[in-house]
4 protein chains.
Amino acid sequence: MSQPKPMNTIAVMTSGGDAPGMNSAIRAVVRTAIGAEMEVLGIRRGYSGLLEGDLIPMDAASVGNILQKGGTVLGTSRCAEFLKPEIRQEAANILRRKHVDGLVVIGGNGSFNGAYQLHQEHDIPVVGVPGTIDNDIQGTHYTIGFDTAVETGVYAVDKIRDTANAHDRIFLVEVMGRHSPAIAIHTGVCTGAEHVIHTPENTDYDTLVSGIRRGRKRGKNSFIIIVAEGQVPGSAYQVQKHLADNYQIASHVAILGHLQRGGSPTAHDRFIAASMGFHAVQALKTGEVATVTACRDGRIQLVPLQECLEKNDAIDAFSLNLTQQLAI
Amino acid sequence: MSQPKPMNTIAVMTSGGDAPGMNSAIRAVVRTAIGAEMEVLGIRRGYSGLLEGDLIPMDAASVGNILQKGGTVLGTSRCAEFLKPEIRQEAANILRRKHVDGLVVIGGNGSFNGAYQLHQEHDIPVVGVPGTIDNDIQGTHYTIGFDTAVETGVYAVDKIRDTANAHDRIFLVEVMGRHSPAIAIHTGVCTGAEHVIHTPENTDYDTLVSGIRRGRKRGKNSFIIIVAEGQVPGSAYQVQKHLADNYQIASHVAILGHLQRGGSPTAHDRFIAASMGFHAVQALKTGEVATVTACRDGRIQLVPLQECLEKNDAIDAFSLNLTQQLAI
Amino acid sequence: MSQPKPMNTIAVMTSGGDAPGMNSAIRAVVRTAIGAEMEVLGIRRGYSGLLEGDLIPMDAASVGNILQKGGTVLGTSRCAEFLKPEIRQEAANILRRKHVDGLVVIGGNGSFNGAYQLHQEHDIPVVGVPGTIDNDIQGTHYTIGFDTAVETGVYAVDKIRDTANAHDRIFLVEVMGRHSPAIAIHTGVCTGAEHVIHTPENTDYDTLVSGIRRGRKRGKNSFIIIVAEGQVPGSAYQVQKHLADNYQIASHVAILGHLQRGGSPTAHDRFIAASMGFHAVQALKTGEVATVTACRDGRIQLVPLQECLEKNDAIDAFSLNLTQQLAI
Amino acid sequence: MSQPKPMNTIAVMTSGGDAPGMNSAIRAVVRTAIGAEMEVLGIRRGYSGLLEGDLIPMDAASVGNILQKGGTVLGTSRCAEFLKPEIRQEAANILRRKHVDGLVVIGGNGSFNGAYQLHQEHDIPVVGVPGTIDNDIQGTHYTIGFDTAVETGVYAVDKIRDTANAHDRIFLVEVMGRHSPAIAIHTGVCTGAEHVIHTPENTDYDTLVSGIRRGRKRGKNSFIIIVAEGQVPGSAYQVQKHLADNYQIASHVAILGHLQRGGSPTAHDRFIAASMGFHAVQALKTGEVATVTACRDGRIQLVPLQECLEKNDAIDAFSLNLTQQLAI
């Protein structure tokens, strides 16, 4: 860890898919920095806005009353062209021209890759704050937004459970998480779902159907099956068709889609986001840069950015087993 | 109105699609009847349960703590065979054998048809309580469950609005109401949706797309379009495909499905349901039978069952106009 | 009804206690007026802001994305000095100077008095939109905000019911409504409360306590008692003390206070508010002024302001009876 | 760790204050045990029910559809007489008579003391599952129910914030936690409260009031102050009086009380509770008894009961500092 550079002005952005709790992180970054007598610039719409020079000064009032809001007040984007070195050069130039001494990037592993390159190629002090509803970044046990996304899934399934019990029925509830089964599996545990299809492309229909038949024999008459989004949204309809065509099993579909990205963040997400934002500014101050405010061993730790550049789409075997064991 | 028959024992059922608030109506029927020194039988699973003789005695405690629950504690069903006179004869026999002097049927117009025939053919005193999330029964301005279903739609769109504002995006949110656009239109007004597709089979794409283009010119970058379920659930995907294929407009889909049937009923639904249940028992007592506890002129009135046998799928032109005017 | 005056510019304000749904009414007023090619000014902080000339131009975008928000984006105040004629003269002067041709006042009966005087004394065309959580304005069956306030009360009692059933306990839940028992009574019906104290100053303790004792004999072990706020907030503590001192009955207190003023408005409040805002602008256009967009016979009607100047704090006997009958 | 005893029959109870998520733990205990071919008895109303021999057999269906419910389906109690050795002897006799080989106690440190004595004195294999909204048990970083209690506090403050912004006002919101400031401090961080009074008996009024005055100078016109319950519920009224009498500062009070004990548990509480219940049964199976399923280093670990017998009412200095820093 080298001698910390002076941080007179820092910038903060949100990047990639938006996640509930990002506003709490922005607020914490801005106010911690102001408390440490730094100037703060907000970058609008992620790397795209950075390239357009869309940076606005943030004061304490500018982040008042945003904590409870879904989405991100700074906007966000996915910026494919940031993969090109010459584009990143341009970004570095803009940051220098605006006298930005340090940068906080709130987003997923794609956004961290951009930040990492900015640091490696242009020596920009960066700190990453993990924010994505999918909880799928290597190197951290938690990413901002996951708890809210699961809560929304749980809320939806709780409602469907009411009507499932009124009739004898099977419901397929598709939850978000294109490349990550984490939301599906957690929603399964938290709702007592009868089954979780974590990889719709490889559904084990025989296990699923024999579970339904076993349940019916025991007098169970309603089944809730959580379906991860998989490669293409709408995969619950494929499952529905397959069950109807091959097993003569009728089912009903709900697809939560972007419901799970929105909504006022849970207390849990607000708290973690506030803590991470606070630590991110501390890290810039102390020079512990090219790091991520990761969640490990139950607390926020600074870990090297390199450890957080990959997607983690491993299946959480404990939780998957838990949902199956407890559904009986 | 003839001389009221003595009501020593009454029965209550929920029938057709379940709707939030039905439990409040059941509780009100049971406790009002007990307060009037009647015996009450609960019929399980609607007309199907009646035909199986599945009637259980209800005391005051049996409906304790159910007010706040979604679905219906009595269960429900759609019973196609009840269209046959000989089956209705059987039902009447069962009711007589169980000494049922009057019957309260909580459900939609299909359920009311069954009740009406029981009265016409077998002189069973019946009262209908309108309960369906679709608010599509002739003769009443309101049906139990509609407010909760709209509230759930509004909740969902509010969440999506957060993320719509973070990115530049178009969202298609499919709400329930197979033959009724009421939920779609009300959800549109209450969320400030940019457009409501009330009849997906006849979408006016040119108006829709020109609205989007006009909005974009004015700087609007997110659009929420409510799609009624239409004839076949999943119609939002047809709209999505049509927009992509013919106008190169990308969009995201969420399908609420049975989310809108479940959930704890709103205060509004609990109150109306309690009032209607109370009035239904009064009507049996006073002999004002073959009636429905309809909502007219802002209060509960008893109207003849014949006026409530048809579906009302008229489009509410005032509300549709309101959503368009206010979305600008 | 005289010949309508030309309405080139109108102004809108919220006044008195804020109520959820006011933003939906503001949005409807602004966008309906813009649709009719009027200019619109928003008056900040009610009559106080008017007297300070704090009027801001509103365009369609200024009311974007406010529908779902609690409170009022225009702010509000209680302005005692508006009772003085010379102060109202000043207000009229300011309105003339700003070329305001018509005024929409969203608030309670106090606010309507001010509006009525402005019309009588200075011939300002005014329309009132009833907005107060207390539902206590003469001449209208509904005021914007009431449904949300009751919903919040119901939400709170539902939560307390969970813990009431875990232990054997008595809970006193104080709800808002200083001079109006309507919120308390409706919350009672919608939660199945065992008792409603609608006028804490005149609690009938003997009836209350004998109800508790009767219930306990029947095996009931948890009781929820709704307490109207009464003259002084905190009256639930008086009830608690009285029960402890005179009947050795222990109880737990929750006081909802301003929780019930806030929160995202329910669909019902959003819809009514949008409709009323729309009708208010129509009324200015057609010259049906010095009126209120009242709710009567289940629909919005224009009724003379004079009929809506008094508080309606009558007790809704049907609903009070309903809660008692159904609690058994 | 001695040789594990055979676990043919286990018993489970909830004890002390009820907490949302307890039902998820009960369900996990019952179904994990059944999956391991054990018999399970549910003890009603904690140690009091145990002493009355109120144990009921639990099968898989008996815990169906309870996951989402607040409170505890087994009921709970505080049982002062369990402090007496002769009473515990009686409890041990009853457990032996019912052939109970192991006991899971879901509750707080008081309940753990009873369980510890049962193990020490009578060699009953016991495992504790930490469940209390206060998050105040030594030896574990988390207790079931805390997240839901904070979420409810956050929900309430979010609503009050709406109306705070409409007017210029100061609000005192009293949250639960008689001997623990954790709920108050977390609610403060998660809502951006302007101040947290964590120990109402020792309020530093000068700091509080100078904060308000500084805020007002900067144009802030609404203040939300979280008040921990302290020794006696209703302490917010003492604060209100003190502010009025000594500083002429008016304020409004809300007291959440048992609202925070109830409500459907959050996803977070459901997940942790399910995991802890699962691990508790594993611990009985492997003979790792006289332990607690504690949360340490971000995961569930078995720690000795002796480490969890005391209350932890330390103030979380990081979080308290965070709320102050970020409120600015």
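Residues numbered from 1 in each chain as written. Chains lettered and ligands numbered in written order. Predicted model: local features only at pLDDT ≥ 70, side-chain atom pairs only at ≥ 80, totals over all residues. Heavy atoms only, no water.

Heads up, the condition is: UniProt positions are given in the numbering used here, feature names are shortened, and annotations may be inferred rather than shown by experiment.
Chain A is annotated in an unreviewed UniProt entry as ATP-dependent 6-phosphofructokinase of Magnetococcus marinus. Regarding chain A, the UniProt comment filed under Subcellular location (unreviewed entry) reads as follows: "Cytoplasm". The annotation that UniProt attaches to chain A under Subunit (unreviewed entry) is "Homotetramer."

## With respect to the overall build of chain A
Heads up, the condition is: Helix and strand assignments follow DSSP, with helices taken as H or I runs no shorter than four residues and strands as E runs no shorter than two, numbered in order from the N terminus. Put simply, the radius of gyration uses C-alpha atoms, and a globule should come to 2.2 Å times the residue count raised to 0.38. We call a residue buried when its accessible area falls under 20% of the maximum for its residue type, exposed when it is over 50%, and partly exposed in between, using a 1.4 Å probe and counting protein chains only. Pairs of residues are marked as contacts when any of their non-hydrogen atoms sit within 4.5 Å. Using a 1.4 Å probe, accessible areas were evaluated by the Shrake-Rupley method; residue-level cover was limited to the displayed protein chains. As used throughout, the charge tally considers Lys and Arg to be positive and Asp and Glu to be negative, leaving His and the chain termini uncounted. Note on charges: their place is set at NZ of Lys, CZ of Arg, CG of Asp or CD of Glu.
When its secondary structure is counted, chain A shows 10 helices and 11 strands. In summary, chain A has a C-alpha radius of gyration of 22 Å against a globular reference of 20 Å for 328 residues, a match within 12%. On the principal axes, the C-alpha backbone points of chain A span a range of 70 × 35 × 35 Å. Here chain A holds 328 residues, and 65% of them are scored as buried. When contacts within chain A are restricted to residue pairs at least 6 apart in sequence, those whose partners lie at least 24 apart make up 76%. Approximately 11,400 Å² of chain A is accessible, and the part contributed by carbon and sulfur atoms is 47%. Between the centroid of the 29 positive side chains of chain A and the centroid of its 33 negative side chains there is a distance of 4 Å.

## Quick look at the UniProt feature "binding site: Mg(2+)" (unreviewed entry) in chain A
All names here are of chain A. Per the UniProt entry, the sites bearing "binding site: Mg(2+)" (unreviewed entry) are N109 in this numbering. Among the secondary structure elements, N109 is positioned in helix α4 (residues 109-122). Judged by relative accessible area, which is 13%, N109 ranks as buried. Those residues in contact with N109 that sit more than four places away from it in its chain are I137, C308, L309, E310 and K311.

## Things to note about the domain arrangement of chain A
The figure often quoted for interface size is the accessible area lost as the parts come together. All names here are of chain A. Let me state the cut-off plainly: Domain start and end points were adopted from an automatic or database domain assignment. Two parts placed together each lose some accessible area; with a 1.4 Å probe, that loss summed over both constitutes the buried area. Each salt bridge in this description consists of a side-chain nitrogen of Lys or Arg and a carboxyl oxygen of Asp or Glu lying within 4 Å of one another. Whenever two N or O atoms come within 3.5 Å, that pair is a polar contact, provided that in protein one can donate a hydrogen and the other can accept it, and provided that, for residues adjacent in sequence, both atoms are side-chain atoms. Lys, Arg, Asp and Glu make up the charged group, whereas Ala, Val, Leu, Ile, Met, Phe, Trp, Tyr, Cys and Pro make up the nonpolar group; the residues left over, Gly among them, are polar.
For chain A, the domain assignment lists domain 1 (9-145 + 265-308) and domain 2 (148-261). In this assembly, domain 1 packs against domain 2 so that about 860 Å² is buried in total across both faces, 50% of it on carbon and sulfur atoms. Looking only at domain 1, the three residues that lose the most surface to domain 2 are I133, D134 and T266, adding up to 53% of its buried area. There are zero salt bridges connecting domain 1 and domain 2. At the junction of domain 1 with domain 2, the criterion picks out six residue pairs in polar contact (both at pLDDT 80 or more). A per-class count over the side of domain 1 that touches domain 2 returns four nonpolar, three polar and five charged.

## What to know about helix α3 (residues 85-97) of chain B
Residue and element names in this part refer to chain B. For the record, the criterion: Under the convention used throughout, the expected extent of a helix is 1.5 Å for every residue step, that is, one less than its residue count. Throughout, the arc means the angular range of directions from the helix axis out to the C-beta atoms.
A rise of 1.5 Å per residue sets the reference length of α3, with its 13 residues, at 18 Å; its end C-alpha atoms lie 18 Å apart and thus fit the reference within 8%. Along α3, the residues classified as buried are I87, R88, A91, A92, I94 and L95. Taken down its axis, α3 places every buried residue within 160 degrees of arc, on the same side. At its buried positions, α3 is contacted by β2 (39-43), α2 (46-51), β3 (55-58), β4 (102-107) and α4 (109-122).

## Overview of the confidence of the model for chain A
In plain terms, the rule: pLDDT runs from 0 to 100 and stands for how confident the predictor is about each residue.
Predicted confidence across chain A gives a mean pLDDT of 94, with 99% of residues reaching 70 or more. Taken together, the chains of this predicted complex give a pTM of 0.96 and an interface ipTM of 0.96.

## Quick word on the relation of the copies chain D and chain C
Using the following cut-off: Least squares is used to superpose the copies, and the fit set is the C-alpha atoms of residues whose pLDDT is at least 70 in both copies.
Overlaying chain D on chain C yields an RMSD of 0.0 Å, the required transformation being a rotation through 180 degrees with an accompanying axial translation of 0.0 Å. Read as a symmetry element, the transformation amounts to a two-fold axis. When C-alpha distances to the rotation axis are compared across chain D, the minimum falls at I255(D), with a value of 2.4 Å. The residues that chain D uses at the interface reappear at the interface of chain C in 100% of cases, marking a shared surface.

## As for the interface of chain D and chain C
Chain D puts 35 residues into the contact, and the matching count from chain C is 35 residues. A combined buried area of about 2,600 Å² lies between chain D and chain C, and 57% of that area is made up of carbon and sulfur atoms. Summed over the shared surface of chain D and chain C, the number is zero salt bridges. At the junction of chain D with chain C, the criterion picks out nine residue pairs in polar contact (both at pLDDT 80 or more). Secondary structure elements with two or more residues in the side of chain D that touches chain C: α5 (146-166), β6 (169-175) and β9 (252-255) of chain D. When residues in the side of chain D that touches chain C are grouped by element, the largest group, eight residues, is from α5(D). Grouping the constituent residues of the side of chain D that touches chain C by class yields 12 nonpolar, 18 polar and five charged.

## Considerations on the environment of I10(A)
Here I10(A) shows up in strand β1 (residues 9-14). Setting aside chain neighbours within four positions, we find I10(A) in contact with V29(A), A33(A), M38(A), E39(A), V40(A), L41(A), V100(A), G102(A), V281(A) and L284(A).

## A closer look at the sheet that holds β3(B)
Residues and elements named next belong to chain B. Let me state the cut-off plainly: Pairing between strands requires that DSSP locate at least two bridges from one strand to the other. In this description, a line fitted to the C-alpha atoms serves as the axis of each element, helices being fitted only across the stretch in contact, and the angle between N-to-C directions of two axes falls anywhere from 0 to 180 degrees.
As summarised here, the arrangement of the seven strands in space is β3-β2-β1-β4-β5-β10-β11, forming an open sheet in which the pairing is mixed. The strands lining the two open edges of the sheet, one partner per strand, are β3 and β11 (299-304). Here the average twist between neighbouring strands, direction ignored, is 30 degrees. Pairing geometry for strand β1 (residues 9-14) and β2, over four bridges, is parallel. Bridge pairing links A11 to L41 in β2.

## Some details on the interface of chain D and chain A
The interface of chain D with chain A comprises 41 residues on the first partner and 41 residues on the second. Regarding the contact of chain D and chain A, the summed buried area is about 3,400 Å², with carbon and sulfur atoms giving 62% of it. At the surface where chain D touches chain A, the tally comes to two salt bridges. Where R270(A) meets D158(D), a salt bridge forms, and the shortest distance between an N and an O atom there is 2.6 Å.

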